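Architecture and fold: a report
Next come the chains, spelled out residue by residue.
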Amino acid sequence: MPTIFDSPDQPQAREVKPQMATGLILAGLGLAAVGFAGRYAWRAGRIAQQTLNQKIGELPSSGAFSKYYRGGFEAKMTKREAGLILGVSPSASKMKIKEAHKRIMLLNHPDRGGSPYLAAKINEAKDYMDSARPGSG
């Protein structure tokens, strides 16, 4: 006896091919793996960020890692300050002092947009280093 399912008017159930099912399963597993990896990376990133912020907070805030001298000029020029201004050691030779002065003045000359105050301090440092050298007049 014919049933409803055998009638040609009714659409038949679609057959799922095994290759298609395998592809869908692999795609689902791939998405799950990406999700788990993303969740792990998110958690690890938050922990790393907390650790990094803690380590940055522990660094000294005094500018110890800055290559620039922090603070103003002293009232009276000293050998140490003159050396810091010129970028040479306090016991540098006359030639090194002259080269350092020339290099710094080329960068900070008032005619080239530099500060007259800084130029005066650079010249004062050179004069001090020259007069503080033993055997100089």
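Please read all numbers here as calculations on a predicted model, not as lab measurements. (Residues numbered from 1 in each chain as written. Predicted model: local features only at pLDDT ≥ 70, side-chain atom pairs only at ≥ 80, totals over all residues. Heavy atoms only, no water.)

1. Examining the pattern of salt bridges
- Summed over all chains, the structure comprises 3 salt bridges.
- The salt bridge partner of K55 is E58, with a shortest N-O separation of 4.0 Å. Here K55 pairs with E58, and both are found in helix α1 (residues 18-58), just 3 residues apart, close to one helical turn.
- A relative accessible area of 48% places K55 in the partly exposed class.
- Owing to a relative accessible area of 52%, E58 belongs among the exposed residues under this scheme.
- Across the pair D130 and K126 runs a salt bridge, and its minimum N-O distance is 2.9 Å. One end of the pair, D130, and the other, K126, are both in helix α4 (residues 116-132), 4 residues apart, so they sit about a helical turn from each other.
- When its relative accessible area of 17% is taken as the criterion, D130 is described as buried. (Salt bridge = Lys/Arg side-chain N within 4 Å of Asp/Glu carboxyl O. Helix = DSSP H or I, 4+ residues; strand = E, 2+ residues; numbered from the N terminus. Buried < 20%, exposed > 50% of the residue type's maximum accessible area, 1.4 Å probe, protein only.)

2. A few points about helix α3 (residues 94-108)
- The terminal C-alpha atoms of α3 lie 21 Å apart, and with 15 residues this matches the ideal 21 Å at 1.5 Å per residue to within 8%.
- Taken as a whole, α3 has its buried residues at I97, A100, H101, I104 and M105. End-on view of α3: buried residues confined to an arc of 125°, all on one side of the axis. Facing away from the buried surface of α3 by more than 90 degrees, the exposed residues are M95, K96, K98, K102, L106 and L107.
- On the buried face of α3, the contacting elements are α2 (79-86) and α4. (Expected span 1.5 Å × (residues − 1). Arc of directions from axis to C-beta. Contact = heavy atoms within 4.5 Å.)

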